[in-house]
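Geometric and topological summary
Each chain, written out:
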Amino acid sequence: MFGKSRPVVIDTYSSRRARPKLPAWLVTLLLGLGGGAAAVIYVQERHLPPRLSMDASATLRESFETADRERQRLQAELAETSKMLDAALADKKTSDDQLAAARKSTESLREQLGMLVEALPPDPRGGAIEVRAARFSNERGALAYEVVLTRESTRGKPFTGVMQFSVSGTAAGGAETTVALQPIAVSIGQFQSLSGSLPLPEGFDPRQSTIHVRDKVDGKVMGMRVMYVR
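Residues numbered from 1 in each chain as written. Predicted model: local features only at pLDDT ≥ 70, side-chain atom pairs only at ≥ 80, totals over all residues. Heavy atoms only, no water.

Considerations on the overall build of the protein
Selection criterion: By the criteria applied, helices consist of DSSP H or I runs no shorter than four residues and strands consist of E runs no shorter than two, each listed in order from the N terminus. Here's how the labels work: a residue is buried when its accessible area is under 20% of the maximum for its type, exposed when over 50%, partly exposed in between, all with a 1.4 Å probe on protein chains only. With residues, only the protein chains shown are counted as cover, and all accessible areas are computed by Shrake-Rupley using a 1.4 Å probe.
For the protein, the helix and strand inventory stands at two helices and eight strands. When the helices and strands of the protein are listed from N to C terminus, the series reads α-α-β-β-β-β-β-β-β-β. With 230 residues in all, the protein has 22% of them scored as buried. Roughly 18,000 Å² of accessible area belongs to the protein as shown, and the carbon and sulfur atoms make up 57% of that amount.

Brief notes about the pattern of salt bridges
Quick reminder of the rule: Criterion for a salt bridge: a side-chain nitrogen of Lys or Arg within 4 Å of a carboxyl oxygen of Asp or Glu.
In total, this model carries seven salt bridges according to the counting rule given. A salt bridge links D68 to R71; the shortest N-O distance between them is 2.9 Å. Taken together, the residues D68 and R71, both in helix α2 (residues 54–119) and three residues apart, mark about one turn of the helix. Note that E70 is salt-bridged to R73, the shortest N-O span being 2.4 Å. Remark: R73 and E70 occur in helix α2; sequence separation between them is three residues, near one turn of the helix. Counted as one network, the salt bridges with shared partners bring together E70, R73 and E77.

Written out as structure tokens, the structure reads:
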């Protein structure tokens, strides 16, 4: 019991709890986040365009809003133009339908008129161009006429020429005379119906009219007929 003694160490802090240490993975994560943030800041400051000031940002926003308003205006104009185009296309379709109906009606009337022409008595003189019917009247110093011409042969192109009236009657002084009126252009496929009026000399009283159909003015006579003036 009285052998060699050993020193006794008294630790006054032994009763305190040891401080916890951060895990290595957390330290690594924090270091990585810090390095990434530093890299982002470096790139922004050194390589990316400088950040806009408040005035520049306000100007940019104002420009954007102006451009957006212009876009909306152009979009509205486009919508209005599209609406007008649709209306125009609808009007065109209506016009096309009406034109088709008119053509169909005209063709039907032409067929009916052709049947009526066929029922007319033939021209007594015959000829390449026949005067199938004619009516003349004196209307206040003008010769009113209605003439129906038919073509002997309907092959090939329509016949083109002139129709001219030689009108016999009494002149203003009482003398018997014949006047030639202005030629009228004609184009005859199967038939042609012509009507109108031509001026007469002042004081002239027409009695009868001779119809001449020629291939040209003063040309070959292709058809002729004499009719009284009512």
